[in-house]
Amino acid sequence: MRELNLARFVCFASGLSILAAGCNDSKTAGASEDSVTADSTSDVSTAEPEDAALPEPDLAGPSVVYDFALETAHITANPNNVLSCYVEWETTVPATAYVEFGPRGQDGQASRFEFRTSPGLPTTQHRVFVAGLYEGDWDLRAVSETPAGKIGASETLRWRSEGLPEAIPRGEVETLDADRASDQWILTQLGAGTPWISSATYAVMYDLAGRPRWYMPHPKGPATLSTLVNDGTAILLAGGSHVHEVNLEGATTWTSPVEPEGEYTWWDFVDGSWHHEFHKLPNGNYAVLRIRDNNDEAGMRTDYIEEMNPLGETVWQFNTTPINDSIGTWCYGSAAEIDHAAGKAWFASRNGGIVAQIDYNTHAVDWILGGKGSLAQSPGGWKWFTDPHAPVVLGNNRILLFDDSPADVARSRAVELQVDAANGTASLVWEYPPAGSNSNIWYSPGGGNAQRLDNGNTAIAALEGSRDGDAMHFEQTRFMEVTPDGTLVSYMRLPGASIIYRGYRIPALHLEDAP
């Protein structure tokens, strides 16, 4: 038995409003002794027994002896997500509550309750949220424990998870080395259609078997980014003139102010619009790329890195004009980051082919990385990135980024560079695929990111397709994990024109044996 991996899965007590049930079937537990245990001879009652001798709740099968039956336990659907549900019941005395659950046994096998939610505070009205299911049949069991240590359980409740939106495909796993790959899931923002601005989009979590385990449509219009926020209790959905934070149940917990007035997409580039970057900082504010001083007649616009508080107020900003002047061309951003502890901010521009570091306090540009930048190669001989996305500061002055590369080169990659600002140089530390390799070559016409994992591997999320001028054509999406020596240990693809901008590895909602 495995407990849900994140502390966000807790028991919700009676203060939580009951959501309307969906179309999935549910079964209310009966009141018979046989439904609680296969071999119990104890008197079944909803009252707390006086006998203090307790069995340890072994979740391996249905032969566990419990002290009393939870006769009112039943399942209700989550109308926001068919891969989750609620289990509700009552107890006559205050008790904690959790749910044991697992895939339904096949061919008459006993139910395997592999997972359980975290216990909640004692109450008499129980409502436990269960998430991270995949499509198929599941068995669930409600469990409560009284202050005196008596344990009550429901009979096995049957649940079928089905009806996933057609726009969310199942991933196809090409490679998985379970011993060397991370056990983390993937969170991405998935669209269908070209371009992103016309796509219906969902935030989706995938497991290593390619199964969707959680999803949520963007509450209002297309979106480009999904990130885990608030210690894993919510997902930030960013796109267009609306940015939302939703919890795992699908309820909106925060909505951004709309600027400017009215509706727009991230590609309208109207004055004041957000584009390409919107993520939450540790201090609760947001790092944003925003268009200011737009000049439609000249086709020019000025990008600002901004820090916005939850009220929509700009508390810090940097005008990127000095970067434009330095490299001799105007830049629109593909990514931005702010680190208050380091006192730095970073700006990436795909069309400019640069990554710049800015001093947060003085607004001085410390250095510009790239072929047009202020840092020289040392040693030389390696290929500069040209179309950077999503730079990540790893520490020790190392930068990890994703490089789409030009369409005529058609060789995208993840790149790690070492910056030596004192000597004005940059050196290549690592890249995938390695230069000169003809294995696992692809071209990403837009988007993509690389992420260094705790196990030392690098996760890569990328589109695959072609580009004809400004027109992008998508064939598939790939999620990869590679070791420091360049060994591909995980590769899952989404077939067809499933569009992402970035994909992030996140802690699995609950862990299981690798497929």
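These remarks concern the structure in this document.

Rules used throughout
Residues numbered from 1 in each chain as written. Predicted model: local features only at pLDDT ≥ 70, side-chain atom pairs only at ≥ 80, totals over all residues. Heavy atoms only, no water. Helix = DSSP H or I, 4+ residues; strand = E, 2+ residues; numbered from the N terminus. Contact = heavy atoms within 4.5 Å. Areas by Shrake-Rupley, 256 points an atom, 1.4 Å probe, with all protein chains shown as cover. Pairing = 2+ DSSP bridges. Salt bridge = Lys/Arg side-chain N within 4 Å of Asp/Glu carboxyl O. Buried < 20%, exposed > 50% of the residue type's maximum accessible area, 1.4 Å probe, protein only. Phe/Tyr/Trp six-rings, centres within 6.5 Å; stacked < 30°, edge-to-face > 60°. Lys NZ or Arg CZ within 6 Å of the ring centre and 35° of its normal. Axes fitted to C-alpha atoms, helices over the stretch in contact; angles between N-to-C directions. Core = buried A, V, L, I, M, F, W, Y, C linked by side-chain atoms within 4.5 Å.

1. Focus: the overall build of the chain
Each helix and strand in the chain was counted, giving one helix and 37 strands. In the chain, 57% of the contacts between residues at least 6 apart in sequence involve partners at least 24 apart. When the accessible area of the chain is evaluated, it comes to approximately 20200 Å², of which 48% is carbon and sulfur surface.

2. Section: the sheet that holds strand β30 (residues 413-420)
Pairing is mixed across the open sheet formed by five strands, whose spatial order is β27-β31-β30-β29-β28. Two strands close off the open sheet at either side, each with one partner strand: β27 (376-377) and β28 (388-395). Two strands pair when backbone bridges link them, and β27 and strand β31 (residues 425-432) are joined in this way by two bridges, in the parallel orientation. Residue pairing across strands places Ala376 opposite Thr425, the latter belonging to β31.

3. Some details on the pairing of strand β26 (residues 365-369)
Successive residues of a regular strand alternate their side chains across the two faces of the sheet. By the bridge criterion, four bridges tie strand β25 (residues 354-359) to β26 in an arrangement that is antiparallel. When the sheet's bridge partners are listed, Ile358 is paired in β26 with Val365. The loop that links β25 with its antiparallel partner β26 comprises five residues; one of these, His363, has a positive phi angle of about 70°.

4. Some details on the pattern of salt bridges
If the charged atoms of two oppositely charged side chains come close together, the side chains can form a pair. Per the stated rule, a full pass over the model turns up 25 salt bridges. A salt bridge links Glu88 to Arg127, with the shortest nitrogen-to-oxygen separation between them at 3.7 Å. Residue Glu88 is found in strand β5 (residues 85-103), and its partner Arg127 is found in strand β7 (residues 123-130); the two are separated by 39 residues along the sequence. Comparing Glu88 with Arg127, the two get one shared label, buried. A salt bridge links Asp207 to Arg213; the nearest nitrogen and oxygen atoms lie 2.6 Å apart. Overlapping salt bridges, with partners in common, bring together Lys383, Asp403, Arg413 and Glu431 in one network.

5. What to know about unusual backbone geometry
Cis geometry is adopted by the peptide bond preceding Pro379, which originates at Ser378 and carries an omega value of -10°. Cis geometry marks the peptide bond from Tyr432 to Pro433; its omega dihedral reads -5°. By the element assignment, Pro433 lies in the loop between β31 and β32 (449-452). Phi at Asn397 takes a positive value of approximately 60°, unusual for a residue other than glycine. Position of Asn397 relative to the elements: it lies in the loop between β28 and β29 (398-403). We classify Asn397 as exposed; its relative accessible area is 54%. Phi at Asn440 is positive, roughly 55°, even though this residue is not glycine.

6. Focus: the packing of aromatic side chains
Enumeration according to the criterion identifies twelve aromatic pairs in this entry. Seen in terms of ring centroids, Phe101 and Phe115 are 5.5 Å apart; in terms of plane orientation they differ by 45°. Their pairing is tilted. On the criterion of sequence distance, the pair formed by Phe101 in strand β5 and Phe115 in strand β6 (residues 115-116) is long-range, its members being 14 residues apart. Seen in terms of ring centroids, Phe278 and Tyr286 are 5.4 Å apart; in terms of plane orientation they differ by 50°. Their pairing is tilted. Residues Phe278 and Tyr286 agree in their burial class; the two are buried. An aromatic cluster of three or more residues is present, and its members are Phe101, Phe115, Tyr134 and Trp138. A cation over an aromatic ring shows up here: Arg452 above the ring of Trp430, its NZ or CZ 5.7 Å from the ring centre.

7. Examining the side chain of Ser427
Along the polypeptide, Ser427 turns up in strand β31. In contact with Ser427, not counting residues within four places along its chain, are Ser378, Pro379, Trp382, Glu416, Leu417 and Gln418.

8. Focus on the sheet that holds strand β15 (residues 225-229)
In space, the four strands of this open sheet follow the order β15-β16-β17-β18, with antiparallel pairing throughout. Looking at the sheet topology across the chains shown, the edges are occupied by β15 and β18 (252-255). On average, each strand axis in the sheet is tilted by 20° relative to the strand beside it, whichever way the strands run. Direction of pairing for strand β16 (residues 234-239) relative to strand β17 (residues 242-247): antiparallel, over a ladder of six bridges. Residue pairing for β17: Ala238 is matched across the bridge by Val243.

9. Points about the nonpolar core
One finds Val87, Trp89, Val99, Phe101, Val130 and Leu140 to be the most contacted residues of the largest nonpolar core, which totals 21 residues. Elements that contribute at least two residues to this core include exactly β4 (74-77), β5, β7, β8 (136-145) and β10 (157-161). Ranked by residues supplied to this core, first place goes to β5 with six residues. Grouped together as the second largest cluster of nonpolar side chains are 19 residues, Ile168, Val204, Tyr206 and Ile499 included.

The values are spatial; any link to function lies outside them.
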